[in-house]
Amino acid sequence: MDKGTAIEDRFGRRFPYLRLSVTDVCNFRCTYCLPDGYQKTGEEAFLSVAEIRRIVEAFAGMGTWKIRLTGGEPTVRQDFCEIAKAVASVPGIRKLAFTTNGYKLPERAGAYYESGLRAINVSIDSLDPRKFHEITGHDRLDEVVAGVQKALEVGFESVKINAVLLKGLNDDELDGFLGFIENRPVSLRFIELMQTGDNLEYFRKHHVPATVVREKLLARGWHLLAREEGAGPAVEYAHRDYQGRIGMIAPYAKDFCATCNRLRISARGSLHLCLFGEGGHALRHLLQDDGQKEELQETVMRLMQVKKISHFLHNGETGVRKNLSSVGG
Ligand code: SAM
Ligand code: SF4
């Protein structure tokens, strides 16, 4: 089937971007995600390097050119660099990214880059060490910030910071975050807190709409950038006095789904057509042999026909998923 055109759904949306979760396990305990830390289920047989390579080869053959490795915390896998090398070497993959909590990043950034990773998103929800500790369960803010610096030094082409907006925790930190990107060529992504089955009470207490930050940015002279072709759901802002940019990810916004350009694979090999409350379609049985590639591609193409136009969250559908650690956010 190797056609080289991007996977498309019934609504004309194209999907050149695959987010691939490599583990559900995480070593942090973010209060909105895994407040009690990762709990073993006995089903920790996550995709092998060979299975991951087969997924990527099949998707690359259908026009996917960007892969993001995520989790859980993808770097807890001992073979994380091996996974990255396998993915980076698949013909057609032009951009290999990953999302990380930044654990041990200063010492590991060089090896990640050497493995073929070129874009990194580091989660930093607070620049106040005490609050960072409170949110993640780890007193590691300095290490994570040093890791961001190291990622820039070793040559990552794209360095982004993810910060989940949290009322009462970091909603007073806008100026601190802006100071952080004043002289750093990094893009800071504010992500609106998403409701999950595990964080219902937390969501009610800490959810802040992204529009609140948008108003503050506009008042401080930030301006909206024109959407680039193929850009995902983040809306970007720039300011002439700042090297860095700001992105806003507001999943509850009505038009969020119109720009959807990504599919997700869970760490156990299921295809998720939407981040929200959709059970996933098992593909692992089609990852056992190189000879299954066409069947795998045909199955994905067939499943694309059932992808819905929207998550319908704004219509009152909860779309609730237990937490985001199993599909990587
Ligand atoms: N462990 C890595 C990390 O934290 O960067 C990668 C996986 S994590 C699930 C990916 C992103 O999803 C992180 O930036 C995290 O802050 C975000 N996230 C997790 N749960 C969320 C929620 N309920 N609402 C919004 N963002 C969430
Ligand atoms: Fe772990 Fe990332 Fe979830 Fe935090 S957001 S608990 S680092 S998976």
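All values derive from a computational prediction rather than experimental measurement. Throughout this description, residue numbers start from 1 for each chain and increase along the sequence as written. For naming, the first written chain is A and the first written ligand is 1, with later ones following in the order written. For this predicted model, a pLDDT threshold of at least 70 governs which residues receive local features, and a threshold of 80 or more governs which side-chain atom pairs are given and counted, while totals over whole chains, interfaces and linings are taken from all residues. To obtain the side-chain values, all non-hydrogen atoms of the structure were included, while hydrogens and water were left out.

1. Description of the pairing of strand E3 (residues 17-21)
And then number 1: Residue burial is assigned from relative accessible area. The probe radius is 1.4 Å, only protein chains are included, and a residue is buried under 20% of its type maximum, exposed over 50%, and partly exposed in between. Runs of H or I in DSSP of at least four residues are treated as helices and runs of E of at least two as strands, each being numbered from the N terminus. Burial within E3 is extensive, with 5 of its 5 residues counted as buried.
And then number 2: Neither face of E3 is left uncovered, since the one carrying Tyr 17, Arg 19 and Ser 21 and the one carrying Leu 18 and Leu 20 both have all their residues buried.
And then number 3: Two strands form a pair only when DSSP identifies at least two bridges running between them. Pairing analysis gives 5 bridges linking E3 to strand E4 (residues 66-70), with the strands arranged parallel. Residue pairing in the sheet places Tyr 17 in a bridge with Lys 66 of E4.
And then number 4: When the strands point away from the viewer, a crossover counts as right-handed if the path from the first strand over the helix to the second runs clockwise. In this region the chain leaves E3, passes through helix H1 (residues 49-61) and returns to the parallel neighbour E4; the handedness of that crossover is right-handed.

2. Looking at the site of ligand 1
And then number 1: With respect to spatial proximity, 21 residues lie near ligand 1, and among them Tyr 32, Gly 72, Ser 123, Asn 162 and Met 194 are the closest.
And then number 2: Within the complex, 95% of the 540 Å² of free accessible area of ligand 1 lies under protein.
And then number 3: Listed by contribution, the elements that provide at least two residues to the shell around ligand 1 are strand E5 (95-100), strand E7 (158-165) and strand E8 (187-192).
And then number 4: Tallied by class, the residues present in the shell around ligand 1 amount to 7 nonpolar, 12 polar and 2 charged. Nearness here has a simple test: a residue counts as near a molecule or strand if at least one of its heavy atoms is within 4 Å of that partner. Shrake-Rupley sampling with a 1.4 Å probe provides the accessible areas, and residues are treated as covered by the protein chains on show and by no other component. By the convention adopted, Pro, Cys, Tyr, Trp, Phe, Met, Ile, Leu, Val and Ala count as nonpolar, Lys, Arg, Asp and Glu as charged, and the other residues, Gly among them, as polar.

3. A short note on the pattern of salt bridges
And then number 1: By salt bridge we mean one thing: a side-chain nitrogen of Lys or Arg within 4 Å of a carboxyl oxygen of Asp or Glu. Throughout the structure, instances matching the rule amount to 18 salt bridges.
And then number 2: Taking the shortest distance from any N to any O, the salt bridge between Glu 51 and Arg 284 comes out at 2.9 Å. Here Arg 284 lies in the loop between strand E14 (281-282) and helix H9 (293-304) and Glu 51 lies in helix H1, a separation of 233 residues in the sequence.
And then number 3: Residue class for Arg 284 comes out partly exposed when judged on its relative accessible area of 22%.
And then number 4: Close ionic contact of Glu 201 with Arg 204 constitutes a salt bridge, the shortest N to O distance being 3.3 Å.

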